Amino acid sequence: MGSFWNETDVEYYNKKSKCYIRQLSEYKHGQLNETVNGVKSYEECLDDHSGLFLAYRAYQKYAAHHPEEKPLPRMNMTKDQLFFMSYAQGMCFVGSDEQWLGNVNGTYANGNLRILNAIKNTEEFAKAFNCKKGDYMVPDERCGLWE
């Protein structure tokens, strides 16, 4: 079966993959001074970002057809902010240094880094929380495949 990607698609994917590897390899555990192995974990993180992208698009489509939906009472957050908060809660990670190291050296970055990397590379997150260029959550180069 032939590839459905042309040369431009392959170049784009390789560029974004290198960007993800670079971003992931910069994350350090403060106490341990250990970095994530970006080469081992970038594909999983690209998948996380793709899932977030598709879920957000589906949510936007739903919201457009259900304008009567109200934000949660007493939350003082927009619907988009609540969407991203609910995404993040699904993979929050609380664990020991040994568990963090296991994730660093394995195929998967821990849940916190996976969340952080996915949302940092999502323009809609920055808009929802009014993040500006130069803020920690707005990298100089976004690495997501979907723009």
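Residues numbered from 1 in each chain as written. Predicted model: local features only at pLDDT ≥ 70, side-chain atom pairs only at ≥ 80, totals over all residues. Heavy atoms only, no water.

1. Description of the overall build of the chain
Inclusion rule: By the criteria applied, helices consist of DSSP H or I runs no shorter than four residues and strands consist of E runs no shorter than two, each listed in order from the N terminus. Three labels apply to residues, based on accessible area from a 1.4 Å probe with only protein chains included: buried if under 20% of the type maximum, exposed if over 50%, partly exposed otherwise in between. In this description, contact between two residues means that some pair of their heavy atoms is separated by no more than 4.5 Å. Per-residue and other accessible areas were derived by the Shrake-Rupley procedure at a 1.4 Å probe size, with only the shown protein chains allowed to occlude residues.
In terms of regular secondary structure, the chain is built from 6 helices and 2 strands. Listed by position from the N terminus, the elements making up the chain come as α-β-β-α-α-α-α-α. The 147 residues of the chain split such that 37% are buried. In the chain, 62% of the contacts between residues at least 6 apart in sequence involve partners at least 24 apart. When the accessible surface of the chain is split by element, carbon and sulfur atoms take 54% of a total near 9600 Å².

2. Structural notes on the confidence of the model for the chain
To be explicit about the condition: pLDDT is a residue-level measure of predictor confidence that goes from 0 to 100.
In this model, the chain carries an average pLDDT of 83, and 84% of its residues clear a pLDDT of 70 or more. Across the chain, the element-wise mean pLDDT spans from 61 in helix 4 (residues 97-104) up to 95 in helix 6 (residues 123-128).

3. Examining the nonpolar core
What counts, and what does not: Throughout this description, the term nonpolar core refers to a set of buried Ala, Val, Leu, Ile, Met, Phe, Trp, Tyr and Cys residues connected via side-chain atoms within 4.5 Å.
Residues Tyr20, Leu24, Leu52, Phe84 and Ile119 are the most contacted members of the largest nonpolar core, which totals 29 residues. Broken down by secondary-structure element, the contributors of at least two residues to this core are helix 1 (7-26), helix 2 (38-65), helix 3 (79-89), helix 5 (111-120) and helix 6. Looking at this core element by element, the count peaks at 6 residues for helix 2.

4. Topic: helix 1
This is how the line gets drawn: In this analysis, the expected span of each helix is defined as 1.5 Å times one less than the number of residues it contains. Summarising the geometry, the arc corresponds to the directions from the helix axis toward the C-beta atoms. Polar contact is the term for a pair of N or O atoms within 3.5 Å; when the atoms are in protein, one must be able to donate a hydrogen and the other to accept it, and sequence-neighboring residues count only if both atoms are side-chain atoms.
In a regular helix each residue adds 1.5 Å, so 20 residues correspond to 28 Å; helix 1 covers 29 Å between its end C-alpha atoms and thus fits that length. Listing the buried residues of helix 1 in full gives Lys16, Ser17, Cys19, Tyr20, Gln23 and Leu24. Mapping the buried residues of helix 1 onto a view down its axis gives an arc of 165°, with all of them on the same face. In helix 1, the exposed positions angled more than 90 degrees off the buried face are occupied by Glu7, Lys15, Lys18 and Glu26. For helix 1, the capping residue at the N-terminal end is Asn6, with a side-chain oxygen 2.9 Å from the backbone nitrogen of Thr8.

5. Details of the packing of aromatic side chains
Basically, it comes down to this: We call Phe, Tyr and Trp rings a pair once their centres come within 6.5 Å, taking the six-membered ring for Trp, and we label the pair stacked below 30 degrees between planes, edge-to-face above 60, and tilted otherwise.
Summed over the entire model, instances satisfying the criterion amount to 9 aromatic pairs. Look at Tyr56 and Tyr59: their rings are 6.1 Å apart centre to centre, the planes differ by 50°, and that puts the pair in the tilted class. Here Tyr59 and Tyr56 lie together in helix 2, a separation of 3 residues that amounts to about one turn. The exposure classification of Tyr56 matches that of Tyr59, with both residues buried. An angle of 90° between the planes, with centres 5.5 Å apart, marks the rings of Phe84 and Phe125 as edge-to-face. Of this pair, Phe84 sits in helix 3 while Phe125 sits in helix 6; the two residues are 41 residues apart in sequence, bridging distant segments of the chain. For the pair Phe84 and Phe125, one class covers both residues: buried. Put simply, the rings of Tyr56, Tyr59, Phe83, Phe84, Phe125 and Phe129 touch in pairs and so form one group of aromatic residues.

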